[in-house]
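# Chains, contacts and geometry: an overview
Each chain, letter by letter, is given below.
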Amino acid sequence: MLDFSRFKIGGIIAVLLVGLWFAIPNAFSETEVADWPDWAPKAQMNLGLDLRGGSHILLEANSESLFESRLEALENNVRLEMRRADGGTISIGDISLRDGQLRFQVRDAARVDEAVDIARQLTSPVGITGARDYDVTVEDGNRIVMDPTNEGRVEAIDAAMLQAVEVIRRRIDELGTREPTIIREGADRIVVQVPGLDDPQALKDLLGKTARLEFKMVNEEVQREIEATGVTPRRAPAGSELLAYTDDGSPIVVRRQVIISGDQLVEAQQQFQDGSAVVFFRFDSAGARSFARVTRQNARKRFAIILDDAVISAPVINEPILGGSGIISGNFTTESANELAILLRSGKLPVELNVIEERTVGADLGADSIRAGTLASILAVVLVMVFMFVTYGRFGFYSNVALAFNMMLIVGVMSALGATLTLPGLAGFVLTVGAAVDANVLINERIREELRKGRRVIAAVETGYAQATTTIIDANVTNIIAAIIMFALGSGPIKGFAVVLTIGIVTSVFTAVTVTRLFAALYLKRQGQRGPGRRVEAINI
């Protein structure tokens, strides 16, 4: 147990130096670290919302908007597949989207069964139960009804929430913030915490928009009548919908069919044109072909650029747009144009999210938490070190040095991993101090026991480390299991506590057992070499 080869000693020293290497940046400010050369370590521990201040927002999904958009997509697919039917186009009446159902009438009663088969092919299986996301039934002999099933609703919400988390993450990353916490809560809620964000309203504006970009043709006949008479119809005609301009709220009637969507965007940037802020966009190859075809077929007509069911712009197509790119203009400020570009780049949310809870933690409160936590940590460490030195003398001093290395390793590992330190994590940090010292208490007391039995010093130290190490490892394995369970099942603060606790347990076992054993071995070896044939007869412990 006390034999250390040069290779093993070099490995222990290397681990400690690597830990110090990654821990050093935390002793300096972010500004100072940024000026360091590229080869130097720059990663620092990220402070959580409760330590650094920032914004906490709870979002809830509007499931009705999700099912509405799914029905609209299904409507487009139904129209397309009925035109592509093997026996020739199946003529259908206007499609109705009411009460969460899709309904349409087949004009040729002899082809109802064929239309039902096509409609069922547009549904998808859900899970392993054999259920499908839509039920397809026939009413009045020739009216087909597609109704979402309960299994389909649950599956749709789950898929939408998973996608929404990723879209939110991309949007927040565009803000340049560091280490946001984005987690699902329940079936239809998402918790968002962004430490260090100075403008929480910008976060709400960014997350509260679905960013569903669509291009639709204007219903020219109805729109000319509205502009001529000044009278807005209560309901749009079949196949159209009534929307409003974002600028002044004036009405505009557009075709319901989406000619191209924002899903095909590959680039969106805020730019300036004639001194005004605009948003430049570019489609992928498929989108560019569709855009060119539509603008070629509808020259001298108007099309509407729609964001979240509000018309941003409705320009006239003067000539075919063949390059697959364009500009969205309007009464944009630089900030609003940049926000729109971020929304378009990050993609649309699959479901509308509403802010139902908002909390802002001030930087001053975070600073108070840091001061209180730091004071508690320093006080705990100092008292423990004094106790260990008074009780165990030289071996207590070795324990104190190992404790300092342990804290350094925790900071270094968390910095290297980019982990976030929260207030509960700070409590976990202090707890690992006690765990590290507890291991040394077990070792030292075991050595004392062996000495009282009359064993020689070296034998007592070897036996003490050998027998105590087994107990230490067993106890800490159970702690790691508990920490893993907390991380898997807990929310943000509990996860932070579990991460720090797990790292601290691993480093404390390393420093309390391996590092102190190296110190003891080197001391005993030096004592034995003070004279020829000299043996170590006693130690202060």
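### Focus on unusual backbone geometry
One non-glycine residue, Asp274, lies in the positive phi region at around 55°. By the element assignment, Asp274 lies in the loop between strand 13 (265-273) and strand 14 (276-283). Looking at Asp274, the relative accessible area reads 78%, which means it is exposed. Backbone geometry at Asp308 places phi at a positive 55°, although glycine is not the residue there. Mapping Asp308 onto the fold places it in the loop between strand 15 (303-307) and strand 16 (310-313).

### A short note on the sheet that holds strand 7 (residues 181-185)
The strand order 7-8-2-18 describes an open sheet built from four strands, whose pairing is antiparallel. Edge positions in the open sheet fall to strand 7 and strand 18 (352-361), since each of these has one partner strand only. Recorded for the sheet is a direction-independent mean angle of 20° between the axes of neighbouring strands. Examined bridge by bridge, strand 2 (residues 54-62) and strand 8 (residues 189-195) share seven bridges and lie antiparallel to one another. From the neighbouring strand, Ile57 faces strand 8, where its bridge partner is Val192. Each of strand 2, strand 8 and strand 18 touches helix 7 (residues 200-207); the most contacted strand, strand 2, lies at about 20° to it.

### Comments concerning the confidence of the model for the chain
Residues at a pLDDT of 70 or more form 94% of the chain, whose mean pLDDT is 84. Across the chain, element-level confidence peaks in strand 6 (residues 143-148) with a mean pLDDT of 93 and bottoms out in helix 3 (residues 49-52) with 73. Scored below 50 in pLDDT, residues 530-534 shows two contacts in the model against residues more than four places distant or in partner chains.

### Some points on the pairing of strand 8
Burial analysis of strand 8 places six of its seven residues in the buried class, which makes it a mostly covered element. Note: strand 7 against strand 8, five bridges, orientation antiparallel. Bridge pairing in strand 8 places Ile182 opposite Val192. Hairpin remark: strand 7 followed by strand 8, antiparallel, with three residues in the connecting loop; positive phi at Gly186, about 75°.

### Observations regarding the nonpolar core
Ile12, Leu403, Met414, Leu421 and Phe429 are the most contacted members of the largest nonpolar core, which totals 29 residues. Taken together, the elements giving at least two residues each to this core come down to helix 1 (6-23), helix 11 (363-417), helix 12 (423-452) and helix 14 (492-528). Element by element, the count of residues in this core is highest for helix 11, at eleven residues. Among all residues touching Ile12, those that are not within four sequence positions of it are Phe4, Phe510, Thr514, Val515 and Leu518. Listed in part, the 26 residues of the second largest apolar core include Leu265, Val279, Phe303 and Ile342.

What counts and what doesn't
Residues numbered from 1 in each chain as written. Predicted model: local features only at pLDDT ≥ 70, side-chain atom pairs only at ≥ 80, totals over all residues. Heavy atoms only, no water. Helix = DSSP H or I, 4+ residues; strand = E, 2+ residues; numbered from the N terminus. Buried < 20%, exposed > 50% of the residue type's maximum accessible area, 1.4 Å probe, protein only. Pairing = 2+ DSSP bridges. Axes fitted to C-alpha atoms, helices over the stretch in contact; angles between N-to-C directions. Contact = heavy atoms within 4.5 Å. pLDDT = per-residue confidence, 0-100. Core = buried A, V, L, I, M, F, W, Y, C linked by side-chain atoms within 4.5 Å.

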